[in-house]
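An overview of the molecular structure
In case you want the letters, here they are:
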Amino acid sequence: MTFTEYKTVEKEILDCLQTAELGWRYEPGDEVTLKYRGGDEQEMLLIPILREKLKELNHGVITDDERANIIIQKLRALKDNQEWIKWIRGEKTYKFSQDEPSRNINLIDYTGVGNNDFLASNQVWIQGIEHRRPDILLFVNGIPVVDIEAKTASHGHIDWAEGAKQTGRYDKEIPNLYYSNCFCAGVNELRMKYGIPGERLQYWQQWRDPYPHTHIPSFDEMKCTIYGLFDRTNLLDIIQNFIVFETEQSKTIKKIARYQQFRAANKIVARALNLDQESGQRRGIVWHTQGSGKSLTMLFAARKLWNDSKLKQPTIIIVVDREQLQDQMIGELFKTNSENVAVAVSIQDLRRLVAEGDGYRGIIVTIVNKFEGMQIEISKRANIVMLVDEAHRTQYGDLGIFMRSAMPNASLFGLTGTPLELDDRNTPRAFGRKLGEDRFERYMDRYSIEDSLRDGATRPIHYEVRATDWTVAYTDLDKKFEALFADRSPEERKALMGEAKLDAILKHPKRIAQVANDIANHFIEHIRPNGFKAMVVCRDKEMCALYKTALDQLLAPEVSLIIISEDPTHDVDSIKPYYLGDTQRRNAVDDFKNPAPKSQEERDNPDNRFKRVEILIVCDMLLTGFDAPILQVMYLDKSMRDHTLLQAIARVNRPYSELKEFGLILDYFGMFEKLNDALNYDKNELGEVAFPYGKFRDMFRTNITELLDLFIGIPHDGSHQSAMRVLIMLNDNDEKREQFEKLFRNVRVLFETLQPDEFLRDFLYDYEWLCKLYMIYLKKFYPAEHFEISEEDGAKTRQLIREHVDVKEIEEEFPTYKLDENYLTKIKDMNPNAKALDIEAMLDAEIRIRLDEDEDVRPLSERLKHIIEQKRAGTLAGITLLKELEDLTKQVVDVIQETQRPVVDSIAKEVAKRVPNIPQGEAMAVAQAIIAKAKEKCFENWFLQNYMDTELYREFTILLATQFKNLQLHGAGKDFVERCIRLLKKARFAGKDK
């Protein structure tokens, strides 16, 4: 097999799955199709395996093949994923005869993992609407439950997200694969993320906990996910207890637990099951940061507690402290169709639910104030579990006492994002497991913003901010620009201002020369003497070339080498002399890992050309996945944040020799001036990964300042004019657009964390403006989505919007149009700039939605991309730009209408395109003849059969040659027949039964 993904990613995953620890067996795709699918590529169930497991797991119910086949036929006809999950969980029943009761049908044994068949396969051909071959499929008892799409990072900038996007395409192209799917994963060499096919990428997550395989190091992110997610016990637990379907406005949304929700819920269940222990041991704090999904954590825990027979139908009480939170929790429970849910509407109702008879069995939702005056010991049962949300509030006075004394034997768990440890308000004392006299466990599970670095696995990293006069990360670019270019004429400065201001500063010759001189001196004095090597990280390829030229004047040219991706179409000429080609680049990178030759003879050897290299100059390549222990220092002159920065600086932390006691970062950009803000990472509190509360203020200030800096010079007055300036800027600058989305997400989460806090007073006006701006931005660039900020953005932000943002005004000033034949007429009176923006945003949104649905959209997508590139390059503007956009709009509208009009009309239109001046009646006659022939041949789902394309091509060609020969629509070089077949496929045309 020659697939790159197989060599670099798939094989490693399959090798891990087949280890004794994970216990999966493997068979290649071709064998699976032949052995279990009978050669039928439309069949997704491995029927021989499933048939045997049905009989094994349903003793006395499914007693023979005939009964097993009845269930298999029901499953084969099932297309609804939510119903499939119910079957997989054993929640569905079947009545085989009138003389027998309905029985639950077990497809999987959840109590005996070893009683199931776990099969991994790869490159399995599947015939759906299209013919596709997923990378890795995981089957449990012959049912496909997981699809893993592997992408290699050697394909340019491809990462896990490309695999995730591919599952979204497969959901449309081979939907039969996903009828029974539980979740999917996208992976490259560096990391794996899992999620629901077709779901937005921000909802895909990493599984960072390899438990129970604790030997897997945390820095091996991909293996952490493989061992944690695909451990057979964990996987069955996830399938049975940690997938929910939420119904909102008649739309069903599937959600799967994040690893911290899975971990915390299981810890809650494990403690609650210890009924022989006193209640003080069945307690604990789940300390999860704001926005981490504590509501779903409680829901998952409640579901698993209810399903565990050891608790004998427990009472699970979810306690909140505000009506709004109660409504939110009730909504969450009902949206997920949770059963056995009661809401305590009053103090008396809560008392009745807990104490009447043997007590209500199921989930009770209540506000804490309903415990007011509750009697002592109204229930002594130990199978009562209380889950208290926002546990740091309202639990330190009478209400907390009433709650605990009413059910003294209950298990008690508090969930909070901000536990308090004050004399009068101490969350561990209120909820922590008792460890001794007045000693309590601080928390049972912690979920912080970033994972800490593992001690001992790598060398410590030291950093130093160098040449601070030249750093730019947290400085006033206007002042720096004026200082640097004060010697230029007003005309020259104005011309430079037209370029990216940051680029002009970073690439100023004086700055490049001084930084290069500092790099060369430091390398000679500190790095080379011990035989180590170095890396220079630049903002872009142009800066790589500038540093190479400067370093060549200070060090021998052979000492440094540029390693960059090669794009002859878009790279400027100054970059191309440094191209190496794939083979030489690989050789150079491999040789760099070896010590530089010391003798002159070795240095003169042509074969040692790349071994002589001691400094690599890069911008994007080698910043992730590059393992060179000899590398000790990184000279950083590039803006990077979060995991990107963390991964990049980790290049220097590999152990190499005793002399390499540390890795070193010399920072010329200034990112390390505020390292914790850049990494979103804190290493305080006795080594625990946690952020002291005060750090959130610094992070909020930094993020909102950077966000506002994107709009320097634009008034924050909420006017239509200022909003249009922002929209045009974001439309023309992808980097700023990405920054805007990312920074606003950061700011709103931090706002939820801090509010109410006096610190926010000075930022409220700007935050209100940003909220309005973000709503307008969503409305313009994502018109298919609801433009108001959603529930995920937090109750406090929503309240601010209700009080300070006029939604009706936004609707009137920024109307959303439908892309149809009247669209251009509706916007004809717009200002030209506003019109171009509206058309471009509308086309981008429409094409993005339809790109994976209709292959005819792909060339239109490429044309829009070309128009945008020309516009940004300055070669397309004004009336010419508008004309190009309007012409493209007409083409897109035509494709949209094509899906809406009768297929006979579309075929007639294709005839008219190819035969100039043909009367409409004649064109329609051709179309009607094609449709008549199609009615004879096309049965339901004919497009799933490979032979049908050939048969239709033959039949249509004969038809055209005999009845419409003079039109010359058939024959070599003609695409009319293929187009007709494509239109029939798109329309799912069917004329007869198979």
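Rules of the game
- Residues numbered from 1 in each chain as written.
- Predicted model: local features only at pLDDT ≥ 70, side-chain atom pairs only at ≥ 80, totals over all residues.
- Heavy atoms only, no water.
- Helix = DSSP H or I, 4+ residues; strand = E, 2+ residues; numbered from the N terminus.
- Buried < 20%, exposed > 50% of the residue type's maximum accessible area, 1.4 Å probe, protein only.
- Areas by Shrake-Rupley, 256 points an atom, 1.4 Å probe, with all protein chains shown as cover.
- Pairing = 2+ DSSP bridges.
- Contact = heavy atoms within 4.5 Å.
- Lys, Arg positive; Asp, Glu negative; His and termini not counted.
- Salt bridge = Lys/Arg side-chain N within 4 Å of Asp/Glu carboxyl O.
- Polar contact = N/O pair within 3.5 Å; in protein donor to acceptor, adjacent residues only side chain to side chain.
- Axes fitted to C-alpha atoms, helices over the stretch in contact; angles between N-to-C directions.
- Parallel < 35°, antiparallel > 145°, perpendicular 65-115°, else oblique.
- Left-handed = near helix turned anticlockwise from the far one by under 90°.
- Nonpolar A, V, L, I, M, F, W, Y, C, P; charged D, E, K, R; others polar.
- pLDDT = per-residue confidence, 0-100.
- Core = buried A, V, L, I, M, F, W, Y, C linked by side-chain atoms within 4.5 Å.
- Expected span 1.5 Å × (residues − 1).
- Arc of directions from axis to C-beta.
- Phe/Tyr/Trp six-rings, centres within 6.5 Å; stacked < 30°, edge-to-face > 60°.
- Disulfide = S-S within 2.5 Å.

**Overview of the overall build of the protein chain**
Of the regular secondary structure elements, the protein chain holds 37 helices and 27 strands. Burial analysis of the protein chain (994 residues in total) assigns 52% to the buried set. Carbon and sulfur atoms form 47% of the exposed surface of the protein chain, whose accessible area is close to 45400 Å².

**Some points on the pairing of strand β13 (residues 283-288)**
When you tally the buried positions in β13, you get six out of six residues, the bulk of the element. Both faces of β13 are covered, namely the face carrying Arg283, Ile285 and Trp287 and the face carrying Gly284, Val286 and His288. Pairing between β13 and strand β18 (residues 411-416): five bridges, direction parallel. The residue bridging tryptophan 287 from the neighbouring strand is threonine 416, located in β18. When β13 meets strand β21 (residues 445-447), the two strands line up parallel, connected through three bridges.

**Some words on the environment of leucine 229**
Counting through the fold element by element, leucine 229 comes out in helix α7 (residues 221-229). Spatially, the C-alpha atom of leucine 229 lies 9.1 Å from that of arginine 208, the residues being 21 residues apart in sequence. In this view, leucine 229 contacts Phe183, Tyr194, Trp207, Cys224, Leu235 and Ile238; residues no more than four positions away in its chain are not counted.

**Regarding the side chain of aspartate 667**
Within the element layout of this structure, aspartate 667 appears in strand β27 (residues 663-667). The buried charged residue aspartate 667 lacks any salt bridge partner; its closest oppositely charged side chain belongs to arginine 511, at an N-O distance of 7.4 Å. Reaching out from aspartate 667, the side chain makes a polar contact with the backbone nitrogen of phenylalanine 669 at a distance of 3.0 Å. For aspartate 667, the side chain forms a polar contact with the main-chain nitrogen of glycine 670, separated by 3.0 Å.

**Some thoughts on the packing of helix α35 (residues 920-937) against helix α36 (residues 947-963)**
Contact geometry of α35 with α36 gives a least axis separation of 10 Å together with a crossing angle of 140°. What the angle tells us is that α35 and α36 run oblique. The two elements α35 and α36 cross, and the hand of that crossing is right-handed. Across the interface between the two elements, Val926, Ala929, Ile930, Lys933, Ala934 and Lys937 from α35 touch Met948, Glu951, Leu952, Glu955, Phe956, Leu959, Leu960 and Gln963 from α36. Class assignment for the residues of the contact of α35 with α36 results in nine nonpolar, one polar and four charged.

**Here's the deal with the confidence of the model for the protein chain**
Averaged over the protein chain, the pLDDT score is 80; the fraction of residues at 70 or greater is 80%. Predicted confidence is poor over residues 153-158, with pLDDT under 50, and the contacts of this stretch with residues over four places away or in other chains come to eleven contacts. Segment residues 449-458: pLDDT under 50, and 23 contacts once partners within four positions in sequence are set aside and those in other chains are kept.

**Concerning the nonpolar core**
Of all hydrophobic cores here, the largest spans 93 residues; its most connected members are Ile88, Phe183 and Phe230. In contact with phenylalanine 230, not counting residues within four places along its chain, are Leu17, Leu22, Trp24, Leu138, Val146, Ile148, Phe183, Met192 and Thr225. Residues Cys544, Ala550, Ile575 and Leu666 belong to the second largest nonpolar core, which totals 60 residues.

**A look at the sheet that holds strand β8 (residues 143-150)**
Spatial ordering of the open sheet is given by β1-β4-β7-β8-β9-β10, a layout of six strands whose pairing is mixed. Looking at the sheet topology across the chains shown, the edges are occupied by β1 (25-26) and β10 (192-195). Alignment of strand β7 (residues 136-140) against β8, held across five bridges, turns out to be antiparallel. Paired with isoleucine 136 across the bridge in β8 is isoleucine 148. Sheet contacts for helix α6 (residues 160-173): β8, β9 (183-187) and β10; angle to β8, the most-contacted strand, approximately 135°.

**Some points on unusual backbone geometry**
Omega for the peptide link from tyrosine 211 to proline 212 comes to 10°, which places this bond in the cis form. For lysine 312, which is not glycine, the phi dihedral falls at a positive 50°. On the secondary structure map, lysine 312 appears in the loop between α10 (294-307) and β14 (315-320). Given a relative accessible area of 65%, lysine 312 falls into the exposed group. One non-glycine residue, glutamine 968, lies in positive phi territory at about 55°. Within the secondary structure, glutamine 968 sits in the loop between α36 and α37 (976-986).

**What about helix α20 (residues 581-592)?**
End to end, α20 covers 16 Å across twelve residues, agreeing with the expected 16 Å (1.5 Å per residue, within 8%). Residues of α20 that are buried: Arg585, Ala588, Val589, Asp591 and Phe592. On an axial view of α20, the arc spanned by its buried residues comes to 165°, and they lie on one face.

**Here we look at the pairing of strand β26 (residues 631-637)**
Burial analysis of β26 places seven of its seven residues in the buried class, which makes it a mostly covered element. By the bridge criterion, six bridges tie strand β23 (residues 533-538) to β26 in an arrangement that is parallel. Its bridge partner being in β26, alanine 534 is matched across the sheet by valine 633. Judged from the four bridges that link them, β26 and β27 form a sheet pairing that is parallel.

**Quick notes on the packing of α36 against α37**
Running from N to C, α36 and α37 cross one another at 125°; their axes reach a closest spacing of 10 Å. On the basis of the axis angle, α36 is oblique to α37. The crossing of α36 and α37 is right-handed. Along its contact with α36, which presents Asp949, Leu952, Tyr953, Phe956, Thr957 and Leu960, the element α37 presents Phe976, Val977, Glu978, Cys980, Ile981, Leu984 and Lys985. Looking at the contact of α36 with α37 residue by residue, the classes come out as nine nonpolar, one polar and three charged.

**Let's talk about the packing of aromatic side chains**
Counting across every chain of the model gives 21 aromatic pairs. For the pair phenylalanine 740 and tyrosine 777, a centre-to-centre distance of 5.1 Å together with 85° between the ring planes defines the contact as edge-to-face. Within this pair, whereas phenylalanine 740 is found in helix α26 (residues 734-754), its partner tyrosine 777 is found in helix α27 (residues 764-781), the two being separated by 37 residues in sequence. In this structure phenylalanine 740 comes out as buried when scored by relative accessible area, which is 0%.

**So, the sheet that holds β27**
Spatially, six strands are ordered β22-β27-β26-β23-β25-β24 in an open sheet, and the strand pairing comes out parallel. Single-partner strands in this sheet number two, and they are β22 (461-465) and β24 (560-562). For this sheet, the mean angle separating the axes of adjacent strands, direction not counted, is 20°. Set on the sheet, helix α18 (residues 509-527) makes contact with β23, β25 (615-618), β26 and β27; between it and β26 the angle comes to about 170°.

**Structural notes on the environment of alanine 841**
Following the sequence through the fold, alanine 841 ends up in helix α31 (residues 832-850). Assessed through its relative accessible area of 2%, alanine 841 is described here as buried. Sequence spacing of alanine 841 and lysine 780 is 61 residues, and the spatial spacing of their C-alpha atoms is 6.6 Å. If we ignore the near neighbours within four places in the chain, the residues touching alanine 841 are Lys780 and Phe781.

**Details of the pattern of salt bridges**
Tallying each qualifying case throughout the model produces 49 salt bridges. When the shortest N-O distance is used, the salt bridge between aspartate 637 and arginine 511 registers 2.7 Å. Of this pair, aspartate 637 sits in strand β26 while arginine 511 sits in helix α18; the two residues are 126 residues apart in sequence, bridging distant segments of the chain. In this structure arginine 511 comes out as buried when scored by relative accessible area, which is 0%. Three or more residues joined by partner-sharing salt bridges are found here, namely Glu910, Lys913, Arg914, Asp975 and Arg979.

**Quick notes on the state of the cysteines**
Scanning the model with the defined rule gives zero disulfides in all. Of the cysteine sulfurs around cysteine 619, a residue in no disulfide, the closest is that of cysteine 544, at 4.3 Å.

**Some remarks on the side chain of arginine 283**
By secondary structure assignment, the location of arginine 283 is in strand β13. Filtering out sequence-adjacent residues up to four positions away, arginine 283 remains in contact with Arg271, Leu412, Phe413, Pro428, Arg429, Ala430, Phe431, Gly432, Arg433, Phe440, Glu441 and Met444.

**A closer look at the environment of glycine 195**
Within the secondary structure layout, glycine 195 lies in strand β10. Taking the C-alpha atoms as reference points, glycine 195 and alanine 257, 62 residues apart in sequence, are found 9.4 Å from one another.

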